Amino acid sequence: MQLIDGKSLSKKVQDYVQSEVEVLKKEQGMVPGLAVIVVGDDPASHAYVNMKEKACKNVGFYSIAHKMPVTITQDEIIEIITMMNNNPHIHGILVQLPLPPQIDTNKILEVIDPKKDVDGFHAYNVGRMVSNLESFVACTPLGVMKMFEEYNIDLEGQDVVVVGASNIVGKPMASLLLNKNATVTVTHIFTKDLKAHTSKADIVIVGVGVPNLIKEDMVKDGAIVIDIGINRLEDGRLVGDVDFDAVSPKCSYITPVPGGVGPMTIAMLLQNTLTSAQQFSKIKEDN
Ligand code: NAD
């Protein structure tokens, strides 16, 4: 069994981003900028936003966090996004999800300029991704794809089961795998017999939010298991969706939690923001 080390791969990506930021600064006098909007005081959302701000600082980005009260109206969020859309120092805009119930999340995501949609959630980018065209891609599934690339895991013809079908994890994950010619099955809460699917898969990718959902008898010998889940247990421990101790001896590769997919998500956010800044610098040059 080989561990897929998301922490060191994330560091490698961040070092690359940092070196490219230096180039942009030197050659174009440009600093990539990321705006993060977080609403309410959910501790997990704030922890993610703080991590993102710290990562931005480490690679030399400019970053602004708009920390808004839970009572904010939809129009007020739209106003902030419009300001960021028009701000030439901002190349990436991220709205930390979930949003409070009075806000229509889809509406908010559609207001973001697709050229600054570094989370890849805008329908324009989602459509392009599904069509296998160049686009911003959601950071978590993109991070998983980067792991496959780094570990030379060929996806063509592989039977892959994705567990979880959310717009931000499972669905984009399935599209990216299909674009690489994998045979993809997407499972979710209404799937009749989850084990029947996972136990036949060459690769199992789980992003659900249920600790220990994937048990030893649900995975075949030699399978590759990617655990996207992040769950905080009552005793404070952070675990994924896979019963790691029981499942890992059967795997050819597996990601740990923490230290697996989590750090890759942040690295891909930085990579997407860098790409956006590079694209904007090209537009400036062409004009
Ligand atoms: P979500 O609640 O939007 O979606 C969960 C999905 O899991 C749904 O499709 C649901 O049908 C499915 N599901 C729920 N219970 C199930 C069960 N018992 N069997 C099969 N399918 C089931 O959640 P999300 O935003 O997609 O996040 C999923 C998990 O991934 C969470 O633990 C979240 O913290 C984690 N996550 C991690 C990262 C990262 O960077 N590693 C990023 C985003 C989300």
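The rules we used
- Residues numbered from 1 in each chain as written.
- Predicted model: local features only at pLDDT ≥ 70, side-chain atom pairs only at ≥ 80, totals over all residues.
- Heavy atoms only, no water.
- Buried < 20%, exposed > 50% of the residue type's maximum accessible area, 1.4 Å probe, protein only.
- Helix = DSSP H or I, 4+ residues; strand = E, 2+ residues; numbered from the N terminus.
- Pairing = 2+ DSSP bridges.
- Right-handed = clockwise from strand over helix to strand, strands pointing away.
- Near = heavy atom within 4 Å.
- Polar contact = N/O pair within 3.5 Å; in protein donor to acceptor, adjacent residues only side chain to side chain.
- Nonpolar A, V, L, I, M, F, W, Y, C, P; charged D, E, K, R; others polar.
- Core = buried A, V, L, I, M, F, W, Y, C linked by side-chain atoms within 4.5 Å.
- Contact = heavy atoms within 4.5 Å.

I'd like a description of the pairing of strand E5 (residues 159–163), backed by residues and values.
The buried fraction of E5 amounts to 4 of the 5 residues, a majority that puts the element mostly inside the structure. Of the pairings in the sheet, the one linking E5 to strand E6 (residues 183–187) comprises 5 bridges and is parallel in character. Along E6, the bridge assignment pairs Val161 with Thr185. Between the parallel elements E5 and E6, the chain passes through helix H7 (residues 170–179) in a crossover that is right-handed. Inspection of the sheet shows E5 paired to strand E7 (residues 203–206) by 4 bridges, in the parallel sense.

So, the pairing of strand E4 (residues 92–95): which residues are in play, and what are the values?
The side chains of a regular strand alternate, residue by residue, between the two faces of the sheet. Of the two faces of E4, the one lined by Gly92 and Leu94 and the one lined by Ile93 and Val95 are each fully buried. Note that strand E2 (residues 33–39) and E4 share 4 bridges and pair parallel. When the bridges of E4 are listed, Ile37 appears paired with Val95.

I'd like a rundown of the site of the ligand, residues and numbers included.
Neighbouring the ligand are 20 residues; Ala165, Ser166, Ile189, Ile228 and Thr265 lie closest to it. Here an oxygen atom of the ligand and a backbone polar atom of Ile189 are 3.0 Å apart. Sort the elements by how many residues they give to the shell around the ligand and helix H10 (residues 261–286) lands first, with 3 residues. Taken together, the residues of the shell around the ligand sort by class into 10 nonpolar, 10 polar and no charged.

Can you break down the sheet that holds strand E1 (residues 2–3) residue by residue, with the values?
Read across the open sheet, the 6 strands follow the order E1-E11-E8-E7-E5-E6; overall the sheet is parallel. Two strands bound the open sheet, and with one partner strand each, they are E1 and E6.

Tell me about the nonpolar core, residues and numbers included.
The biggest cluster of nonpolar side chains holds 50 residues, and the ones touching the most others in it are Phe148, Leu177, Ile205 and Ile226. Among the elements that take part in this core, H10 stands out by supplying 9 residues, more than any other. Excluding its chain neighbours within four sequence positions, the residues that come into contact with Leu177 are Met145, Phe148, Leu155, Val160, Val162, Ala182, Val184 and Ile205. By size, the runner-up hydrophobic cluster in this structure holds 19 residues, among which are Val39, Ile78, Met84 and Val95.

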